[in-house]
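Per-entry structural report
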Amino acid sequence: MNHNTHLHAFLIALLLCAAWAVVGWDSLAEPPETTLSGFAEKYGLELVSRPGNPGVELSGKGLTVRLAPGMKAVSVNGKLHKLSQAPRMSGGVMLVPGELYSITDGLRPARGKYAAVVIDAGHGGYDTGAVANGAIEKDIVLDIGRRVRDILVRNRIKVVMTREDDTFIELTKRSEIANETPGAVFVSIHANSAGEVASCEEIDGIETFVLTDSISDLTRANKAASEYALHENTAGGSRKMKAEKAKKTIANLSREARSESRVLAEAVQKKLTSNLGESDRGVKEKNLSVLRETYFGPAILTEVGFLTNRKSARELNSAAYRQKTAQAIADGIISFLSRP
Ligand SMILES: [Zn+2]
C-alpha cells in the first residue's frame, strides 16, 4: 500500500461513517434508496480499496459488489446487472437504489466450508489447445466455462474465472488465482485429443483428472510455504519452527484437498456421463501443473470430450450441447458443495 492508497481508503471509510450516521437501514425492508454503508452493513461487506478505480468494491462472505456513482451498471459476483437508477452522491454520501437488495438478496457463499468456485477454461489466445474436425478447444471450453459460471451464480455461488475472454494465461497464474481465492474449489475445463493417426478417431468419452499420488504433499507444502511466505503469519517459535509448522499445516491441507478432489471429480464425472449419455473413461490421476500448483483446496480437470472424434466435435460445436455440458458440470459442483 502506498500513501495514496491509504488516503483513498481513509476517505472512503470517512464517507461510510458519515453515511452511517445519516440513515440506518434496519427500519426499512427494501427502501427506494439507501446508503452504501447501510447496504454494506446488511450483507457484512467490507470496502476493498482499488486505487485508480472511480467506483467502489464491497466484498465479503462470498459476495462481491462493484458499483460507481452515476453508473447504472453494477457487478454482483462478476455478473453485470442494470439498475433502473444509478447510485448517486448526496452531501458526501453515496446512495444506492433499493433494488440492489433484490439482486443481492439470498446471494450467499458457496455452501459448507467452501466460499467460491474458480472456473478455469483451458488454453486461450495463441494457445488454441486441440484443434480437430472444425472444433477449437480454447473457444469451446471458454463458452462452457462461462455457462457454468452463469448457472453457479444463479445458484448463489461465488465464481471467479481465470479467463473471461480469448487471452493466454500462464498455467501458474491459473493456480495462483485459485490459491489467492479464499475457500476455493478449482475446476479446469478442457476438451480432449487422441492424436493424429486414423485409429484415434474412434476414441471417445469423458474423463476427469485429479493430481497423481506420486507427487508428495511435503514437496508441495515446501513450495507453497516459500511461494506464499506463510511462516510470516504463524505465531510463536523461531523462524525455522514457524516454517516447519506452516509446511505441516499446508501438507495436511493438501492431503484433505486430495480426498476432496476425488469426491468432486467423481461428482462431476458422474453428472457429465449420465446427463450427456457419453462413455465413462473414469476419474484418473495425472501430474498436471494446474492441479499440482493449486495448494489449498480441491482441484480437478475435466476433459469434456474428444475433438478428434467426429461425433464429439460436432456435438461440442453446438451451443445446445455445450449448455448441457455446462449444466452437468455445475450439477456436479453443486452436489459436491451441498454435501451435509
Ligand atoms: Zn486442453
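A short note on the sheet that holds strand E13 (residues 184-192)
Strands sit in the order E12-E9-E13-E16-E14-E15 across an open sheet of six strands; the sheet is mixed. With partners counted over all chains shown, the strands left at the sheet margins are strand E12 (159-161) and strand E15 (280-286), one partner each. For this sheet, the mean angle separating the axes of adjacent strands, direction not counted, is 20°. By the bridge criterion, six bridges tie strand E9 (residues 116-121) to E13 in an arrangement that is parallel.

Describing the confidence of the model for the chain
Predicted confidence across the chain gives a mean pLDDT of 82, with 83% of residues reaching 70 or more. Contacts for the low-pLDDT stretch residues 1-30, under 50 throughout, to residues beyond four places or in other chains number 39 contacts.

Here we look at the packing of helix H4 (residues 137-154) against helix H10 (residues 319-337)
H10 packs onto H4 with a crossing angle of 50° between their chain directions and a minimal axis gap of 8 Å. Put simply, H4 runs oblique to H10. Considering the relative orientation of H4 and H10, their crossing is right-handed. Each of Ile140, Asp143, Ile144, Arg147, Val148, Ile151 and Leu152 in H4 lies in contact with H10, whose residues at this interface are Arg322, Gln323, Thr325, Ala326, Gln327, Ile329, Ala330 and Ile333. Considered class by class, the residues forming the contact of H4 with H10 number nine nonpolar, three polar and three charged.

Thoughts on the environment of Thr219
Along the chain, Thr219 turns up in helix H6 (residues 217-228). On the basis of neighbour counts, which here come to 12 C-beta atoms within 10 Å, the residue Thr219 falls in the exposed class. Considered as a pair, Thr219 and Ala251 are 32 residues apart in the sequence and their alpha carbons are 8.5 Å apart.

Quick word on the sheet that holds strand E1 (residues 33-35)
Strand order across the open sheet formed by three strands is E1-E8-E7, with antiparallel pairing between neighbours. For this open sheet the edge positions go to E1 and strand E7 (88-90), each flanked by a neighbour on one side alone. Sheet twist, expressed as the mean angle between neighbouring strand axes with direction ignored, is 40°. Helix H2 (residues 36-43) contacts E1 and strand E8 (93-97) of the sheet and is inclined by roughly 80° relative to E1.

Observations regarding unusual backbone geometry
Most peptide bonds take the trans form, and the phi angle of most residues other than glycine is negative. Its identity as a non-glycine residue notwithstanding, His123 has a phi of 60°, on the positive side. In this fold, His123 is placed in the loop between E9 and strand E10 (131-132). Note on His123: 22 C-beta atoms within 10 Å, which makes it buried. In this model, Arg156 sits at a positive phi of 65°, which is unusual for a non-glycine residue. Note on placement: Arg156 falls in the loop between H4 and E12.

Conventions used here
- Residues numbered from 1 in each chain as written.
- Predicted model: local features only at pLDDT ≥ 70, side-chain atom pairs only at ≥ 80, totals over all residues.
- Pairing = 2+ DSSP bridges.
- Helix = DSSP H or I, 4+ residues; strand = E, 2+ residues; numbered from the N terminus.
- Axes fitted to C-alpha atoms, helices over the stretch in contact; angles between N-to-C directions.
- pLDDT = per-residue confidence, 0-100.
- Contact = placed C-beta atoms within 7 Å.
- Parallel < 35°, antiparallel > 145°, perpendicular 65-115°, else oblique.
- Left-handed = near helix turned anticlockwise from the far one by under 90°.
- Nonpolar A, V, L, I, M, F, W, Y, C, P; charged D, E, K, R; others polar.
- Buried ≥ 20, exposed ≤ 12 C-beta atoms within 10 Å, placed from the backbone.

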